[in-house]
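So the chains spell out like this:
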Amino acid sequence: MALSYKARKRLSLLVLVVGLPLYILVAVKVVSLFDRPPILVELLVYVVLGFLWMIPLRKVFLGVGKPDPDADPDSYPRDPVDPDPKSRGPKR
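The structure reproduced in this document is the subject of the present report. No experiment lies behind these values; they were computed from the predicted model shown.

## Considerations on the overall build of the protein
Scanning the protein for helices and strands turns up three helices and zero strands. Counted from the first residue to the last, the protein has its helices and strands arranged as α-α-α. A burial count over the protein gives 14% of its 92 residues as buried. The contacts in the protein between residues at least 6 apart in sequence include a share of 60% that link residues at least 24 apart.

Structure follows, in structure tokens:
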């Protein structure tokens, strides 16, 4: 089931605002259960855990920063510097 653009945008915001801080707390708690490793090993663990959360969620964040593909190009915000408003949007 493919998520709509709005659903992906809302879900990505939820993940970043709620899920990521919870993930950070869980990762720090799990790492603190073990004896403290050397600083470089600990840094490596945190770097790996920092990228690990993105792997299952990459489809959610894909294309969220781009304009809505289903929206009308005429409804996009206008560039105040661009004198020709018709030059904006996809070429047809």
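## Looking at the side chain of serine 12
If you trace the backbone, serine 12 turns up in helix α1 (residues 5-32). Using a relative accessible area of 5% as the deciding quantity, one classes serine 12 as buried. Excluding anything up to four places from it in sequence, serine 12 contacts Val60, Phe61 and Val64.

## Quick word on the packing of aromatic side chains
For the structure on display, the rule yields one aromatic pair. Consider the rings of tryptophan 53 and phenylalanine 61, whose centres lie 6.0 Å apart with planes at 85°: the pair is edge-to-face. With relative accessibility at 26%, the residue phenylalanine 61 sits in the partly exposed group.

## Quick look at the pattern of salt bridges
Taken as a whole, this structure holds one salt bridge when the rule is applied. Between glutamate 42 and arginine 36 there is a salt bridge, with its nearest N and O atoms 2.8 Å apart. Since its relative accessible area comes to 66%, arginine 36 is described here as exposed.

## Side note on a nonpolar patch on the surface
A cluster of nonpolar side chains, Leu3, Leu11, Leu13, Leu14, Leu16, Val17, Val18, Leu22 and Leu25, forms an exposed patch at the surface whose accessible area comes to about 810 Å². Positionally, valine 18 belongs in helix α1. Accessibility expressed as a relative area gives 41% for valine 18, which makes it partly exposed.

## Here's the deal with α1
Helical periodicity: at 3.6 residues per turn, an α-helix aligns residues three or four positions apart in one direction. Given a rise of 1.5 Å per residue, 28 residues ought to cover 40 Å, and the 38 Å separating the end C-alpha atoms of α1 matches this to within 8%. Taken as a whole, α1 carries its principal kink of about 40° at glycine 19; the proline proline 21 stands between one and four residues after it. Turning to α1, its buried residues number three or more, namely Tyr5, Arg8, Ser12, Val15, Ala27 and Val31.

Conventions adopted
Residues numbered from 1 in each chain as written. Predicted model: local features only at pLDDT ≥ 70, side-chain atom pairs only at ≥ 80, totals over all residues. Heavy atoms only, no water. Helix = DSSP H or I, 4+ residues; strand = E, 2+ residues; numbered from the N terminus. Buried < 20%, exposed > 50% of the residue type's maximum accessible area, 1.4 Å probe, protein only. Contact = heavy atoms within 4.5 Å. Phe/Tyr/Trp six-rings, centres within 6.5 Å; stacked < 30°, edge-to-face > 60°. Salt bridge = Lys/Arg side-chain N within 4 Å of Asp/Glu carboxyl O. Patch = residues over 30% accessible without salt bridge, like charges linked within 9 Å, V, L, I, M, F, W, Y side chains within 5 Å. Areas by Shrake-Rupley, 256 points an atom, 1.4 Å probe, with all protein chains shown as cover. Expected span 1.5 Å × (residues − 1). Bend = angle between axes of the 7 residues up to and from the residue.

Note that all results are geometric; they support no functional claim without further evidence.
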